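# Structural overview for review
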Amino acid sequence: MQRRDFSGITPTMQIHFLGTNGWFNAETGETSCVLVDAQEAYVIFDAGNGLRKLERHITDPAKPIYLCLSHFHLDHVYGLHMLPKFRFPQGITILGQPGTERTLRSLLGKPWTAPLERLPTAVRFQEVGEGNYTAPFPLVVRFLVHSDPCIGFRVTLEGKTITYCTDTGTCEQLSVLGHNADCFITECSWRVPQQQPGWPHLAPEDAAAAARAANARQLALVHFEGYTYPTLEARTEAETRARAIFPATRAMHDDDVITL
């Protein structure tokens, strides 16, 4: 049920971390998916295997649903294969970089899976390049640094700002998107900085330095690459290292919740 303010108390939004692994599902978690439940809308970041849990949290049929896709690597989109099981009467609007509709109509169709036209939940597309938008909430989009085109998002909901940046190496856009963010969500794929220079990702120190430079309120680490971080204890180590630079850091686990 949608939270409503009948008492003069300001409702709080919740950020549900449905999938916090990168690359593949493992005992440590499922691949990338984060759901923000706010008064204005449900906002989903990426569609890894964690997307399968949406029905647990999307309960208000009148509130719009927006799915923000960072890029097309399979660990960020293959949860879309599960779209046929959802029954959301308000439909889903997919926000993505130019070419998103063409790419997904190719991926989500015969012989791979059910075509979009046959889904019980209507799917719409809104393609965005770098810039500032209203969707209907304030939205800022910037391209990050990765092996293939990848975008980061900055959204403002209930007067609070959430930044989502994955997959990326260190770049200026992290500070632009994360500036004064109430929650800065970014990846932590590598255990060693610049572990593979030709495949840009962040290590704990990189993510913490970006959050500090952006003057964010808190840092949530996600997208722990399944091979590099084979245990949850390894995530604890990453959190400790990041906190030495940016104390307000949490290494997220699947089904963790942050309330703003």
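Anyway, here's the lowdown on the structure attached to this text. (Residues numbered from 1 in each chain as written. Predicted model: local features only at pLDDT ≥ 70, side-chain atom pairs only at ≥ 80, totals over all residues. Heavy atoms only, no water.)

Pairing between sheet strands relies on hydrogen bonds along the backbone, with the strands arranged either parallel or antiparallel. Pairing is mixed in the open sheet, where seven strands are placed in the order S7-S6-S5-S4-S3-S1-S16. The sheet is open, and its two borders are formed by strand S7 (123–127) and strand S16 (257–259), each paired with just one other strand. Between one strand axis and the next, the sheet turns through 20° on average, direction left out of account. Alignment of strand S6 (residues 92–96) against S7, held across five bridges, turns out to be parallel. Paired with isoleucine 92 across the two strands is valine 123, which belongs to S7. Across the face of the sheet, helix H3 (residues 100–107) comes into contact with S6 and S7 while running at roughly 145° to S7. (Pairing = 2+ DSSP bridges. Helix = DSSP H or I, 4+ residues; strand = E, 2+ residues; numbered from the N terminus. Axes fitted to C-alpha atoms, helices over the stretch in contact; angles between N-to-C directions. Contact = heavy atoms within 4.5 Å.)

Moving on, we come to helix H5 (residues 204–214). Here H5 has its buried residues at Pro204, Asp206, Ala207, Ala208, Ala210, Ala211 and Ala214. Looking at the buried residues of H5, the elements they touch are helix H4 (172–178), strand S12 (183–187), strand S13 (219–222) and helix H6 (232–243). Where H5 ends, the next residue or the one after it, asparagine 215, has phi of about 60°, a positive value. (Buried < 20%, exposed > 50% of the residue type's maximum accessible area, 1.4 Å probe, protein only.)

Tallied over the entire structure, the rule returns 15 salt bridges. Of the charged contacts in the structure, one is a salt bridge between lysine 53 and aspartate 255, with a shortest N-O distance of 3.1 Å. Within this pair, whereas lysine 53 is found in the loop between strand S4 (42–45) and helix H1 (54–57), its partner aspartate 255 is found in the loop between strand S15 (249–251) and S16, the two being separated by 202 residues in sequence. Among the charged side chains, a network of salt bridges with common partners joins Glu30, Arg52, Lys53, Arg56, Asp254 and Asp255. (Salt bridge = Lys/Arg side-chain N within 4 Å of Asp/Glu carboxyl O.)

With that out of the way, let us pick up the nonpolar core. Within the largest apolar cluster, 30 residues are counted, with the highest numbers of intra-cluster contacts made by Ile15, Phe17, Val36, Phe45, Phe137, Ile162 and Ile185. Sort the elements by how many residues they give to this core and strand S10 (residues 151–157) lands first, with four residues. Dropping the residues within four chain positions of it, isoleucine 185 is found in contact with Ile15, Phe17, Val34, Ile162, Thr163, Tyr164, Cys165, Ala220 and Val222. (Core = buried A, V, L, I, M, F, W, Y, C linked by side-chain atoms within 4.5 Å.)

A separate point is the environment of serine 106. Mapping serine 106 onto the fold places it in helix H3. Remark: the alpha-carbon pair of serine 106 and glutamate 130, spanning 24 residues in sequence, is separated by 24 Å.

The omega torsion of the bond from lysine 110 to proline 111 falls at 0°, within 30 degrees of zero and hence cis. Note that proline 111 resides in the loop between H3 and S7. If you check the backbone angles, aspartate 255 has positive phi at about 75° while not being a glycine.

This part covers the environment of alanine 214. If you trace the backbone, alanine 214 turns up in helix H5. The class for alanine 214 is buried, based on a relative accessible area of 0%. Separated by 41 residues in the primary sequence, alanine 214 and glutamine 173 have C-alpha atoms spaced 9.8 Å apart.

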